[in-house]
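# Structural overview
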Amino acid sequence: MRIAILALQGAFAEHAQMLSRLGAETFEVRQPADWRQPKDGLIIPGGESTTQMKLLRELGLAEAVKADIQSGLPVFGTCAGLILLSASHLGTMDIEAQRNAYGRQLGSFHTVQDIAEIGPQVPMTFIRAPYISRVQGEARALAEVDGRIVAARQGRQLVTAFHPELNADTRVHEYFLRMTV
């Protein structure tokens, strides 16, 4: 299994480490030539969504990434990745995201919560995190924290408002890898 990780900005190294622990091969995507490599899935990491979207467009990657996701490439977006997949950016998921919903860096927090289809008491680390203000169409909520949707799935697309790559628990990444087969 070979997973592409968007490495334009943000926390991509931690995803690579997590996937390596699970036996998956990864490679970083920084330019169109990287994107053309064979892949079984894509991770769009946290970071700053406006910067990532700007770089995707400037590098000529936005349309190729969107087209492959729409053609069925499994994708997992965390934090900023959630925002990029939402209706207001790449628009591949029928979700609306509320940016920086948990405030500034000082508003970051850690909790545990059950996630449908993944399991009970999953650790969640939120860093200036968004939340999903609306799911529609084929998108469905998988988890909520304080009444706000923080994980969702639509077909072969998975998003979390939190950073599972920053915890030792591998269940969210395992769930994504199962989506790639």
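The following paragraphs examine the structure supplied in this document.

What counts and how
- Residues numbered from 1 in each chain as written.
- Predicted model: local features only at pLDDT ≥ 70, side-chain atom pairs only at ≥ 80, totals over all residues.
- Heavy atoms only, no water.
- Helix = DSSP H or I, 4+ residues; strand = E, 2+ residues; numbered from the N terminus.
- Buried < 20%, exposed > 50% of the residue type's maximum accessible area, 1.4 Å probe, protein only.
- Pairing = 2+ DSSP bridges.
- Right-handed = clockwise from strand over helix to strand, strands pointing away.
- Polar contact = N/O pair within 3.5 Å; in protein donor to acceptor, adjacent residues only side chain to side chain.
- Contact = heavy atoms within 4.5 Å.
- Salt bridge = Lys/Arg side-chain N within 4 Å of Asp/Glu carboxyl O.

Structurally, the position occupied by Val112 is in strand S6 (residues 109-115). Sequence separation between Val112 and Val145 is 33 residues; the distance between their C-alpha atoms is 9.0 Å.

Let us now look at the pairing of strand S1 (residues 2-6). The two faces of a sheet get side chains in turn, since along a regular strand they alternate between them. Burial analysis of S1 places five of its five residues in the buried class, which makes it a mostly covered element. Residues of S1 alternate between two faces, with Arg2, Ala4 and Leu6 on one and Ile3 and Ile5 on the opposite face, all of them buried. In terms of strand pairing, S1 meets strand S2 (residues 25-29) through five bridges, oriented parallel. Each residue of the ladder has a partner; that of Leu6, found in S2, is Val29. Between S1 and its parallel partner S2, the chain crosses via helix H1 (residues 12-21), and the hand of that crossover is right-handed. Examined bridge by bridge, S1 and strand S3 (residues 41-44) share three bridges and lie parallel to one another. When the sheet's bridge partners are listed, Ile5 is paired in S3 with Ile43.

Attention now goes to the side chain of Gln154. Tracing the sequence through the fold places Gln154 in strand S10 (residues 148-154). Of the residues examined, Gln154 reaches a relative accessible area of 11% and is grouped as buried. For Gln154, the side chain forms a polar contact with the main-chain nitrogen of Asp94, separated by 2.6 Å. Beyond its immediate sequence surroundings of up to four residues, Gln154 is in contact with Thr92, Met93, Asp94, Glu138 and Ala139.

Throughout the structure, instances matching the rule amount to eight salt bridges. One salt bridge in this structure joins Glu96 and Arg134, with 2.1 Å as the shortest N-O distance. In this pair, Glu96 sits in strand S5 (residues 95-98) while Arg134 sits in strand S8 (residues 131-135), placing the two residues 38 residues apart along the sequence. Judged by relative accessible area, which is 32%, Glu96 ranks as partly exposed.

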